[in-house]
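Each chain, written out:
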Amino acid sequence: MIRAFPKSRRRRFSRSRQRAAGAALARSHSSSVNAGVGMEKGGPNDDWAILGLEPGKTQKKTAVDDVIRKAASISLERPVGKTLKPDYGLSPAEATVTMVTGTSTITGVPPKTTATKVIQIGKKDGDTNNYFIKADGSEYVVTAASWAIDPLITKAMADLIEK
């Protein structure tokens, strides 16, 4: 499961991209409108599904797939240092994205082992319009393009289901 938690909760980066082959995804933002949207891969077609989707509602496959793609490959712009400065908005984070990843060789069967990756998302840099982010396990704070981060923190459940 990939989870993102609001402010109360909470790799070494290359300039190009970090890749995560997701087994599930959930995310949230400090706004209550889109807090706690979770997604999980599985089912008969091994598709992504929104957790807690109301009966009778249908998800927008393209919208869900877009959020998953953005979470799996976040475009990084530049490292800004190892010190958490208040200007970064990471202490506490504005939002977090938690990804539980793993590999299974059998379609529809959960992986035997998983790894959890947490990405803290801070404020937007006023000069570049990029977000400050930090991944657990990394000592670096980096910036990431807003076009890559915005869908992770602004899409609400209503954006992911058919009208």
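A short tour of the structure in this document, coming up.

## A word on the nonpolar core
Residues Met39, Ile74, Ile121, Ile133, Ile149, Leu152 and Leu160 are the most contacted members of the largest nonpolar core, which totals 26 residues. Apart from the residues within four sequence positions on either side, Ile133 is in contact with Ile74, Leu76, Leu90, Ile119, Gln120, Ile121, Tyr140, Val141, Val142, Ala144 and Ile149.

## Remarks on the environment of Lys41
Among the structural elements, Lys41 can be located in strand E3 (residues 37-42). Distance from Lys41 to Leu51, taken between C-alpha atoms, is 9.8 Å for residues 10 residues apart in sequence.

## Comments concerning the pattern of salt bridges
Under the defined criterion, the tally for this structure stands at five salt bridges. The partner of Asp65 in a salt bridge is Lys61, with the nearest N and O atoms 2.7 Å apart. Highlighted residues: Asp65 and Lys61, both in helix H1 (residues 61-72), separated by four residues, approximately one helical turn. The exposure class of Lys61 is partly exposed, given its relative accessible area of 46%.

About the thresholds
- Residues numbered from 1 in each chain as written.
- Predicted model: local features only at pLDDT ≥ 70, side-chain atom pairs only at ≥ 80, totals over all residues.
- Heavy atoms only, no water.
- Core = buried A, V, L, I, M, F, W, Y, C linked by side-chain atoms within 4.5 Å.
- Buried < 20%, exposed > 50% of the residue type's maximum accessible area, 1.4 Å probe, protein only.
- Contact = heavy atoms within 4.5 Å.
- Helix = DSSP H or I, 4+ residues; strand = E, 2+ residues; numbered from the N terminus.
- Salt bridge = Lys/Arg side-chain N within 4 Å of Asp/Glu carboxyl O.

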